[in-house]
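Residue-level structure breakdown
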Amino acid sequence: MIGRLPIGVRLLALVAFGFVSAPLISLLFRVPWTRLVTLLTRDTVTDALLISLTSSLVAAVLALALGIPLALHLSRMSGVASSITRAVIVLPMILPPVVGGAALLFAFGRNGLVGSVVFDVTGLLFPYSISGVVLANTFVALPFVVITVEGALRAIDPRYGLAATTLGAKPSRLTFRVLLPMVRPALMAGGFIAWARALGEFGATITFAGNIQGRTQTLPLAVFVALETDREAALAISVLLISISLIVLVSLRDRWWPVR
Amino acid sequence: MNSSSDLLLDARVVLQRGDLKLDVEVLVQKGETVAVMGPNGAGKTTLLYALLGWLPLQSGWILLDDETFEAPGQDQVTPTRERNLGMVFQDGLLFPHLTALENIKFGADSQAYVDDVVETLNVKALLDMYPSELSAGQTQRVALARSLAAQPKMVLLDEPLALLDIRARVDARNLIRTALQESLAGALIVTHDPADAFALAQRVLVLEDGQVTHFDTPDQIRSQPKSRWVADLMGWNVFYGVAHSSSILLANGTEIATAESGLAGDTMVMISPSAVSLFLEAPGGSPRNSWQCRVQGVQNIDGLARVSLDGPLSIYADITSNAADELGLTIGRECWVTVKATEVRTQPRSTDP
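Counting starts from 1 at the beginning of each chain's written sequence and moves along it residue by residue. Ligands are numbered from 1 and chains lettered from A, in the order in which they are written. Since the coordinates come from a predicted model, pLDDT governs what is reported: local features require at least 70, and pairs of side-chain atoms require 80 or more to be given and counted, while whole-chain, interface and lining totals use all residues. Side-chain metrics rest on all non-hydrogen atoms present in the structure, leaving aside hydrogens and water.

On to the overall build of chain A, then. Secondary structure assignment for chain A yields 13 helices and 0 strands. Each helix is a run of H or I in the DSSP string that is no shorter than four residues. Each strand is a run of E no shorter than two, and both are numbered from the N terminus. Mapped in sequence order, the helices and strands of chain A form the string α-α-α-α-α-α-α-α-α-α-α-α-α. By its C-alpha atoms, chain A is 65 × 65 × 30 Å across when sized along the principal axes. In chain A, buried positions account for 41% of the 260 residues. We call a residue buried when its accessible area falls under 20% of the maximum for its residue type, exposed when it is over 50%, and partly exposed in between, using a 1.4 Å probe and counting protein chains only.

This is the structure in structure tokens:
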């Protein structure tokens, strides 16, 4: 039997919960429920929904595909090299997303370091296109995958690697049959956080990919525009975003965090 | 002693790890089980890791079945994966996301061999279970099965029974012995427990502070301890004194005679409790090594009485419970303690800091 928590701790916990839930609940009070369907079936909303879901899912997959190898590598590094690599990778988590978007322009823009080469070779332009949205989303989502997965990999007892090796496992077998399955919860959590971060991404997207309805306007951007022109629509889209997030949270809860 | 074709492992491991300076030479014959014993921090696990190639040698060599893994002047060190050495960890270290069967098959090439080890180690009922559902004893049986299924030339076991309760220990020990005999592989088993060492091993290597103090049969080590740690482990009486030719003078003035001669300097004296005789009357003549002592306590275990005595010498004597009854040994009783000079073992003190 665990004893009760001190009254002060319980009060503060209540304050924390109230602080987070109050804005969400007040939002629900203002939603024009009767006109919800009409508001959400407008072209602006359906376009934004499609762009948001596609770009965030593709970004999450890309973040996993690139982040897991980097996490595997980083978990074996030590010393200054690992500190520097980790600092660079974590930077997009801390950076104001607008700065990230500007940096993306300098790298992947029409005249950017990488972007100019890509354009010359393939004719592909990232800015103001859906590929730009995906790029911006991946940029901000990747660090979450790397940090989550690397932490889990580092927590694995290194003797598991020794055990697998004495049993004749080559590096590929050790990686795919032992290490990655052992961090499966972290892979799922990393992918999920990456997707959630991409779905909510605003600053880097608007800076790098612009805000073109039907091409690069995602749900958060649509909310931003609607807030100035049509408050009811903004509320309706907000409810949509909250609903998507809640459905995913609830359906993933068993696998993402332990449920007693 | 043996022809070289019977030799499985020939290794000299020299390395520094923290404060520990390890310098061990170990030979294992084909089919032989060698136990590695020693106090905590003596370098037992370090030795296993070095043999596996997980820790680099500073100097020395490792040869297994005429294959050279590491040797002076050899640039290429054989990687762990190609050494054909099995490893069983203290906590089993089964892959938690795989069932017992998937664990056992992890390194196996032959299904027939998997079936064999499953049979020998009696794990058939456990095959569909995950490691989190297994008891400590079951875990170790599966861990040994996993290791043997890869058909190693030699198995290294690091305290495989340490986490088991006493009952599971006896069962697991018997299964391990059978499995090691059937696999015909050699084995090096690190253990704290003399019972494990004596039940499983043909020879025992005692490692103290990175150095080998014994490498001999269990009987030799039991009857001829050379170090304080082994003497304590076997329950021997240990005294310290200064030797002059064939006798040792203890700090309290008591003198112990030995059958040896030419001794000098600080010396450790070891006397087996079973070599101590007790009499109610002073022995006739003037025998050396007899002292009048007082009984401090008597413990009866399975017909054997361990009598602790105090006097010129604080000493334990093992006599039969019947003899203890006949002598009427009760606490406070005076009696004579005698030890034959030929039963007194000595060891220069310098080897035992």
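The subject of this paragraph is the overall build of chain B. For chain B, the helix and strand inventory stands at 9 helices and 20 strands. Here the C-alpha coordinates of chain B stretch approximately 75 × 50 × 35 Å along the principal axes. Burial statistics for chain B: of 353 residues in total, 51% are counted as buried. Accessible area of chain B: about 16,100 Å², with a carbon and sulfur share of 47%. When charges are counted, neither His nor the chain ends are considered; positive counts come from Lys and Arg and negative counts from Asp and Glu. Taken as the charge centre is NZ of Lys, CZ of Arg, CG of Asp or CD of Glu, depending on the residue. Between the averaged position of the 27 positive side-chain charges in chain B and that of its 44 negative side-chain charges there is a distance of 2 Å. Method for areas: the Shrake-Rupley scheme with a 1.4 Å probe, in which residue coverage is limited to the protein chains shown.

In this section: the packing of aromatic side chains. Geometrically, a pair of aromatic rings is defined through the distance of the ring centres and the angle of the planes. We call Phe, Tyr and Trp rings a pair once their centres come within 6.5 Å, taking the six-membered ring for Trp, and we label the pair stacked below 30 degrees between planes, edge-to-face above 60, and tilted otherwise. Enumeration according to the criterion identifies 6 aromatic pairs over all chains in this entry. Taken together, a centroid distance of 6.0 Å and an interplanar angle of 85 degrees make the contact between F108 of chain A and F126 of chain A edge-to-face. With F108 of chain A in helix α5 (residues 97-108) and F126 of chain A in the loop between α6 (115-122) and α7 (130-154), this pair connects stretches of sequence that are 18 residues apart. Note on F108 of chain A: relative accessible area 25%, which makes it partly exposed. Whether a charge lies above a ring is judged from NZ of Lys or CZ of Arg, which has to be within 6 Å of the ring centre and within 35 degrees of the ring normal. The residue whose ring lies beneath R173 of chain A is F106 of chain B, and the NZ or CZ to ring-centre distance is 4.3 Å. Here the basic side chain of R306 of chain B rests over the ring of Y316 of chain B, its NZ or CZ set 5.4 Å away from the ring centre.

Residues and elements named next belong to chain B. The criterion for a disulfide is a pair of cysteine sulfur atoms lying within 2.5 Å. A complete count under the given rule lists 0 disulfides over all chains for this structure. In this model C293 remains outside any disulfide bridge; the closest cysteine sulfur is found in C335, 6.8 Å from its own. Residue class for C293 comes out buried when judged on its relative accessible area of 1%.

Another point: the interface of chain B and chain A. Contacts: residue pairs with any heavy atoms within 4.5 Å of one another. Facing the 21 residues of chain B at the interface are 18 residues of chain A. Taken together, the two surfaces of chain B and chain A that pack against each other cover about 1,900 Å², and 72% of this comes from carbon and sulfur. One side-chain nitrogen of Lys or Arg within 4 Å of one carboxyl oxygen of Asp or Glu is enough to make a salt bridge. There are 1 salt bridge connecting chain B and chain A. As used in this structure description, the phrase polar contact means that two N or O atoms lie within 3.5 Å; if the pair is within protein, one of them must be able to donate a hydrogen and the other to accept it, and residues adjacent in sequence are counted only when both atoms belong to side chains. Joining chain B to chain A, the criterion identifies 3 residue pairs in polar contact (both at pLDDT 80 or more). Accessible surface is computed with a 1.4 Å probe, and the buried area is the amount of it that two parts give up when combined, taken over both parts together.

Turning to its location among the elements, E281 of chain B is positioned in the loop between β15 (276-279) and β16 (290-301). When the C-alpha positions of E281 of chain B and L121 of chain B are compared, they lie 57 Å apart, and in sequence the two are 160 residues distant.

Let us now look at the domain arrangement of chain B. Residues and elements named next belong to chain B. Domain start and end points were adopted from an automatic or database domain assignment. When cut into domains, chain B gives domain 1 (4-228) and domain 2 (235-351). In this structure, domain 1 and domain 2 have C-alpha centres spaced 39 Å apart. Taken together, the contact pairs 7 residues of domain 1 with 7 residues of domain 2. Both sides of the domain 1 and domain 2 interface together cover about 610 Å² of buried area, and 54% of this is carbon and sulfur. Our count for the contact surface shared by domain 1 and domain 2 stands at 0 salt bridges. Counting across the domain 1 and domain 2 interface gives 3 residue pairs in polar contact (both at pLDDT 80 or more).

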